[in-house]
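Close look at the chain arrangement
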Amino acid sequence: MGKFEDVLLASDFDNTILNTERPRRTGGPIPPVSQGNLTAIRYFMAEGGRFAVATGRALPAFRMFADKVPMNAPAIVCNGAALYDFEAETYLDSILLPEEVRAQGQAVLDRFPTAAAEAYHLDNVIHAVRPNEFTRQHQHVTHAGVEAVDDLWAVPLPLVKLMFEDEHTRLLPLRDWIFAQSWSERYEVFFSNPTLLEVTGKGAGKGAMVRRLAARLGISMAHTYCVGDEANDLSMLQAAAEGFAPGNCAEAVRQSGATLVVDCDHDTLADVVSILDSRY
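Overview of the structure.

Cut-off values and rules
- Residues numbered from 1 in each chain as written.
- Predicted model: local features only at pLDDT ≥ 70, side-chain atom pairs only at ≥ 80, totals over all residues.
- Heavy atoms only, no water.
- Salt bridge = Lys/Arg side-chain N within 4 Å of Asp/Glu carboxyl O.
- Helix = DSSP H or I, 4+ residues; strand = E, 2+ residues; numbered from the N terminus.
- Buried < 20%, exposed > 50% of the residue type's maximum accessible area, 1.4 Å probe, protein only.
- Pairing = 2+ DSSP bridges.
- Axes fitted to C-alpha atoms, helices over the stretch in contact; angles between N-to-C directions.
- Contact = heavy atoms within 4.5 Å.
- Core = buried A, V, L, I, M, F, W, Y, C linked by side-chain atoms within 4.5 Å.
- Phe/Tyr/Trp six-rings, centres within 6.5 Å; stacked < 30°, edge-to-face > 60°.
- Lys NZ or Arg CZ within 6 Å of the ring centre and 35° of its normal.
- Left-handed = near helix turned anticlockwise from the far one by under 90°.
- Nonpolar A, V, L, I, M, F, W, Y, C, P; charged D, E, K, R; others polar.

The final tally for this structure, using the stated rule, is 16 salt bridges. For the salt bridge of Asp 265 with Arg 22, the shortest nitrogen-to-oxygen distance reads 2.9 Å. Of the two residues, Asp 265 sits in the loop between β14 (259–261) and α10 (268–277) while Arg 22 sits in helix α1 (residues 21–26), which places them 243 residues apart along the sequence. Overall, Asp 265 belongs to the partly exposed group, its relative accessible area being 40%. Note that Glu 89 is salt-bridged to Arg 63, the shortest N-O span being 3.1 Å. Of this pair, Glu 89 sits in the loop between β4 (82–85) and β5 (90–94) while Arg 63 sits in helix α3 (residues 59–66), and the two are 26 residues apart along the sequence.

Listed below in structure tokens is the structure:
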């Protein structure tokens, strides 16, 4: 038995495992996963640990990167709304949005005319209403195709995630307007990036899905560790025995009590595994 037997490590992908913020802003190429991170993940798994990516990306936006990150546990996708087994090529768990999300999401778009929306399914189709510069930036880092539609009514059901895209200063009142609606209680609403406001079904978050994954693997939360950099990672950082955050993390994460490690340009996962290596 290896030293990490019955230990689970779940990590965010963007700006944690590798830096995608720079290419998002500049249009440059997406960097490869660093050799330092790859070596650390493989060592962790060789010693019996279970490693999973926990990403805000939907399956089509992460699929082409999945084989570049060693994993021996199902991946958390759609900000915790789904659990996907890449080995079996099947979803193991999901929390869908209610059918009313199209009407409610369209009401948001009608009230905030500069915002775009991306609608995500469990399959490989992503629809976008009023795609804007932030949609195009997001497409660049995900390499996922987007089908433009006139409104959310044109988007087929079921949906697993809805995402609004705009300047942060415009998304703040949009978020506050959502929270002021009685139907907002049916959703989880959070930023995954200052220009991306995500909506998932109630109870669909990275923290809840990490708990489900740990239970599925028979691993105690006392031996479950998480790594992430943004507000959408907070629930799993707080659910973990210890949450780790790269030095480039958002201020909300920095203030959350997560253990700070090196930034995503300097082998974040290698630093985390080194810390765990000294404890087990």
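Further notes follow.
Attention now goes to the sheet that holds strand β8 (residues 147–149). Read across the open sheet, the six strands follow the order β8-β7-β6-β9-β11-β10; overall the sheet is mixed. Bordering the open sheet on either side are β8 and β10 (187–193), each of which pairs with just one other strand. When strand polarity is set aside, the average angle formed by the axes of neighbouring strands in this sheet is 25 degrees. Across five bridges, the pairing between strand β6 (residues 116–120) and strand β9 (residues 161–165) is antiparallel. Residue pairing in the sheet places Ala 116 in a bridge with Glu 165 of β9. Relative to the sheet, helix α4 (residues 101–111) contacts β6, β7 (126–129), β9 and β10, its axis offset from that of β9 by approximately 5 degrees. Against the sheet, helix α6 (residues 168–179) touches β9, β10 and β11 (196–201), its axis set at about 170 degrees to β10.

In terms of burial, β6 is largely enclosed, as five of its five residues are buried. Of the two faces of β6, the one lined by Ala 116, Glu 118 and Tyr 120 and the one lined by Ala 117 and Ala 119 are each fully buried. Pairing geometry for β6 and β7, over four bridges, is antiparallel. Among the inter-strand pairings, Ala 117 is bridged to a residue of β7, identified as Val 129.

As a rule of thumb, soluble globular proteins bury nonpolar side chains together. Leu 9, Phe 13, Ile 17, Phe 44, Phe 51, Val 69 and Leu 276 are the most contacted members of the largest nonpolar core, which has 43 residues in total. Mapped by element, the contributors of at least two residues to this core are α2 (35–46), β2 (50–53), α3, β3 (75–77), β4, β12 (224–227) and α10. Here the element with the most residues in this core is α2; it accounts for five residues. Setting aside its immediate chain neighbours within four residues, Leu 276 contacts Phe 4, Leu 9, Phe 44, Tyr 225 and Phe 244. Counting 25 residues, the second-largest nonpolar core is a separate cluster that includes Val 108, Leu 152, Leu 174 and Phe 191.

Here the focus is the side chain of Thr 224. By the element assignment, Thr 224 lies in strand β12. For Thr 224, the residues in contact, after removing those within four places along its chain, are Leu 8, Val 210, Ala 214, Ile 219, Ala 240, Ala 241 and Glu 242.

This next bit is on the packing of aromatic side chains. Tallied over the full model, the rule gives 13 aromatic pairs. Ring centres of Phe 4 and Tyr 43 lie 6.1 Å apart, and the angle between their planes is 85 degrees; this geometry places the pair in the edge-to-face category. Separated by 39 residues along the polypeptide, Phe 4 in the segment before β1 (8–11) and Tyr 43 in helix α2 bring together distant segments of the chain. Between Trp 177 and Trp 183, the aromatic rings sit 6.4 Å apart at their centres with planes inclined by 70 degrees, giving edge-to-face as the arrangement. A network of ring pairs unites the aromatic residues Phe 4, Tyr 43, Phe 44, Tyr 225, Phe 244 and Tyr 280 as a single cluster. Above the face of the Phe 65 ring, Arg 57 is positioned so that its terminal group lies 4.8 Å from the ring centre.

A few words on the sheet that holds β3. Here we have three strands laid out as an open sheet, ordered β3-β4-β5, and antiparallel in their pairing. Every other strand in the sheet has two partners, leaving β3 and β5 as the edge strands with one partner each. Sheet twist, expressed as the average angle between the axes of neighbouring strands with direction ignored, equals 30 degrees. Relative to β5, β4 is paired through four bridges, and the arrangement is antiparallel. Looking at β5, one finds that Ala 82 is bridged to Ser 94.

Below, the discussion takes up the packing of α2 against α10. Where α2 contacts α10, the two axes come as close as 7 Å, and the packing angle between them is 35 degrees. By crossing handedness, the relation of α2 to α10 is classed as left-handed. Residue-level contacts link Gly 36, Asn 37, Ala 40, Ile 41, Tyr 43 and Phe 44 of α2 to Thr 268, Leu 269, Ala 270, Val 273, Leu 276 and Asp 277 of α10. For the contact of α2 with α10, the residue count by class is eight nonpolar, three polar and one charged.

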